[in-house]
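Descriptive analysis of the structure
The primary structure of each chain is shown beneath.
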Amino acid sequence: MSKVVGIGASPKRKEDLRFVTGRGNYVADIKRPGMLFGAFLRSPHAHARLGAIDVTAAGAMPGVVAVYTGEDLKADNVGGLPVGWGIHGKDGNPMKEPPHPPIAHGKVRHVGDAVAFVVAETVEQARSAVEAIDVQYEILPAVVSVVEALQAGAPAVYDDIPDNLCCDWELGDAAAVEAAFIDAAHVASIELVNNRLIGNPMEPRAAIGEYDFATGQHTLWTTSQFPHVVRFLMGEFVLHIPQHKLRVVAPDVGGGFGVKQFHYAEEAVVTWAAAKLGLPVKWVCERSEGFVSDAHGRDHFTEADLALDESGKFLGLRVRTLANMGGYLSTFGPNIPTNLYAPLLSGVYRMPAIHCSVKVVFTNTVPVDAYRGAGRPEATFVLERLVDVAAIEMGIDKRAIRRRNMIPTEAYPYQTPVIVEYDSGDPMGCLDRAEKLADVEGFEQRRLESAHRGKYRGLGLSTYVEACGLAPSRLAGSLGARGGLYESATVRVHPTGAVTVLIGTHNHGQGHETTFAQIVSDRLGVPFEDIDIVCGDTAKVQFGMGTYGSRSLVVGGAALSKAADKVILKGRKIAAHQLEADLGDIVFEAGEFSVAGTDRKKKFTEIAGAAYVPFDYPLETLEPGLEEQSYYDPVNFTYPGGAHFAEVEIDPDTGTVTLERYTAVDDVGTIINPMIVEGQLQGGIAQGVGQALFEHGVYDESSGQLLSGSFMDYCMPRADNFPAIVVAPHSTTCTHTPMGVKGCGECGTIGSPAAVINAVVDALQPLGITHVDMPATPNRIWNIIRNSRAALAAE
């Protein structure tokens, strides 16, 4: 039975029926008439000059239609992949921005760099032909460590950038920070690594290019989080295709996590090859290929210092970070360790002075860009590890030192010393609730029980705040964004009162078809089942910026809410005409337009029908039809936050860390669908725990080979690595978004790494351990315990 399902309900997700019954429509499922298949030859070397590339044997193999190299694309005036966000150094000069050809020419700069592309009648034929291509490589010294890349005499990734430095960036007041350190009673310091991650969404990347000679229309089907942005970047800068002649479709996409946020070379290559050949060309990434071609995440080396007075009050923070960009600049790469990192270093604390310097560095590794959280997890990890170190050194309880420095609720809106102003929050309330749910009072008894079994047990805490929405455009533009960060939505009411929503975000697992339908159902009183959500097709949907940075509900949902308001306003005008009342007397509630104080009313469906059959209609002042569009550009970021507790047990004989308990209390603003929010938080926590305990992208330092290039060597978290995760809300309302929402998609990934590592360090603190780098693998922990015990025995 059709019914209204509004904000705050948890209906079953609309989109799940087609997924659980195998009826999803992914790029790999799509078949086009006459479709050919492509495969890439990728460099086995991290750094080499390209000599002769002999494709003769490959081109003669059965089924092979064409073989292309970087020289072919260059000769056809194909441009390099553009960077969507530029930054400037402390000297005012722009970052170094070397070209990024879709297929390498001249040099390869990381293992996996594309060298050639084979098109054949079957994928098996294409892959076989790749093996027949003969490439002459002049192997060059490689550098993979961000620290080593800055050393004198290090191999130069680019001949004209001899120091490998893309940009020397800074934010904050260095003089104020230095004054704070002069006045400090205590200085806590830490040196840490934020380990490289490889995203590995469930669905590998894929792309299909097609060209219609009759219309000059290009079409790209791709596994993308932002099809309109791909259309703009690829059309304008790479293939020089007019926007109205390029359609980009992102159908069902099996997870993104930032990995599918960027414009990739493969998208341009298949689109170009399809136009050259006059037939569709399909490429589907193999999992091992994705390890060396998907953008990676994180990979920082950081030194940080915290100045405190004698009572443990924070006076100033100084952070120095080296951030790995890999062999090329990815779409948003330079923005992640700078603008999405340093402005969040104040955390939930009153921090009078902050200065952060970031050296953005090229290495012979896969390019690094956004991965779920994108800068915010890195900032939180630095700050929350440093706060724990300060607490240990000063003999202050770890919860007490945080409470002593937290921003009180009455201090909001709170201006930090690094650009951003938090509009609302209650970090103390989050911490109080999390402490109770985590049963912190009972921890010492659980620690004793573990000790009785010969195990170490630790409790870790992390508070956090993040910036969501990736807006407003004006602020983003001042920070180097090369495009707007608004969002768009169209609400199309049909004559029957059913609704189709066209929205510029993209749904790849978040549950948008459900959440957005709930907003419309709530606002318009339309049955939940009568609402369809359309996204991901530039030929159907107005220009939108896509999904990333927890922006879909914050920005896209706001645009949808505003468009629904426009529909209501027009409906009120129609109702005022039909009910012979003043517009000001018409109220809309529960799907009905009525005259205030009377029983005269019209149902939404009646007004929708009148809009398309305008017999009794104010045609003199109002156009027929009922369809409204809105673009929303926020005035500020939104700032979710929270407090997470992790409890671990460590087996000293094996070094195995077991996550025994996990509790998260998060302030995500207004909650549209509690079930979906809980799922988002649990999924984010799982990925953050993966970074803390399991995942690590590792390169051989001499050859530049990726040593963790498959699931045999790159450890992903599994269901049996987790206890029952306790998540609970403690929300304050965002003061500037139409529905008071803040976003939740990245919260779990931001709060969890520091909570888990703080728990590991707490467990090992009796051994004199004050820091453990991620991931806390059994091998790493076993060696730490062994060495610490040996050192204690020698004293």
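The text that follows walks through the structure, step by step, so that each part is easy to find. Positions within a chain are numbered from 1, following the residues in the order the chain's sequence is written. Residue-level local features of this predicted model are given only where pLDDT is at least 70; pairs of side-chain atoms are given and counted only at 80 or more, and the full residue set underlies all totals for whole chains, interfaces and linings. Only hydrogens and water are set aside when side-chain values are computed; all heavy atoms of the structure are taken into account.

Further remarks concern the sheet that holds strand β6 (residues 134-139). Paired strands are those between which DSSP finds at least two bridges. A run of H or I in DSSP becomes a helix once it reaches four residues, and a run of E becomes a strand once it reaches two; helices and strands are each numbered from the N terminus. What the 3 strands build is an open sheet, ordered β4-β2-β6; its pairing is antiparallel. Looking at the sheet topology across the chains shown, the edges are occupied by β4 (107-108) and β6. Examined bridge by bridge, strand β2 (residues 48-54) and β6 share 5 bridges and lie antiparallel to one another. For I53, the partnering residue across the bridge sits in β6 and is V135.

In summary, the pairing rule links any two rings of Phe, Tyr or Trp, Trp by its six-membered ring, whose centres are within 6.5 Å, and it sorts them by plane angle into stacked for under 30 degrees, edge-to-face for over 60 and tilted for everything else. Here the structure, examined in full by the defined rule, presents 22 aromatic pairs. A connected cluster of aromatic rings, assembled from ring pairs, spans Y414, Y422, F637 and Y639. The ring of F528 is capped by K14, whose NZ or CZ atom sits 4.8 Å from the centre of that ring. In this scheme, the term charge over a ring applies when either NZ of a lysine or CZ of an arginine sits within 6 Å of the ring centre and within 35 degrees of the ring normal.

We now examine helix α4 (residues 123-130). Summary of the burial criterion: residues with accessible area below 20% of their type's maximum are buried, those above 50% are exposed, and those between are partly exposed, where the area comes from a 1.4 Å probe applied to protein chains only. Among the residues of α4, A126, A129 and V130 are the ones counted as buried. Viewed end-on, α4 has its buried residues packed into an arc of 105°, placing them on one side of the element. The contact criterion used throughout is that any non-hydrogen atoms of two residues lie within 4.5 Å. Contact partners of the buried residues in α4: β1 (36-42), α2 (56-59), β3 (64-69) and β5 (114-120). Comment: arc refers to directions from the helix axis out to C-beta atoms.

For the rest of this paragraph, the subject is the packing of helix α18 (residues 674-693) against helix α19 (residues 747-764). Between two packed helices, what matters for the description is the angle formed by their axes and the separation of those axes. Across the interface, α18 lies against α19 with an axial gap of 7 Å and an inter-helix angle of 40°. With respect to their mutual orientation, α18 and α19 come out oblique. The way α18 lies across α19 gives a crossing that is right-handed. The segment α18 lies against α19, with L681, G684, I685, Q687, G688, V689, Q691, A692 and L693 engaging C747, G748, T749, S752, P753, V756, I757 and V760. Residue polarity follows a fixed list, in which Ala, Val, Leu, Ile, Met, Phe, Trp, Tyr, Cys and Pro are nonpolar, Asp, Glu, Lys and Arg are charged, and the others, Gly among them, are polar. In terms of residue class, the contact of α18 with α19 is built from 10 nonpolar, 7 polar and no charged. Where helices are involved, their axes are fitted lines through C-alpha atoms of the stretch in contact, as for all axes, and angles between N-to-C directions lie from 0 to 180°. Each angle receives one of four descriptions, namely roughly parallel if under 35 degrees, roughly antiparallel if over 145, roughly perpendicular if within 65 to 115, and oblique otherwise. The crossing is said to be left-handed when, going from far helix to near helix, the turn is anticlockwise and less than a right angle, and right-handed when the turn is clockwise.

This part is about the pattern of salt bridges. Salt bridge, as used here: a side-chain nitrogen of Lys or Arg that lies within 4 Å of a carboxyl oxygen of Asp or Glu. One pass over the full model with this rule turns up 46 salt bridges. Ionic pairing is found between E466 and R376, a salt bridge with its closest N-O pair at 3.3 Å. One end of the pair, E466, is in the loop between β20 (456-465) and α14 (473-478); the other, R376, is in helix α10 (residues 376-394), with 90 residues separating them in the sequence. For E466, a relative accessible area of 0% translates into the label buried. Residue classification places R376 among the buried positions, given a relative accessible area of 1%.

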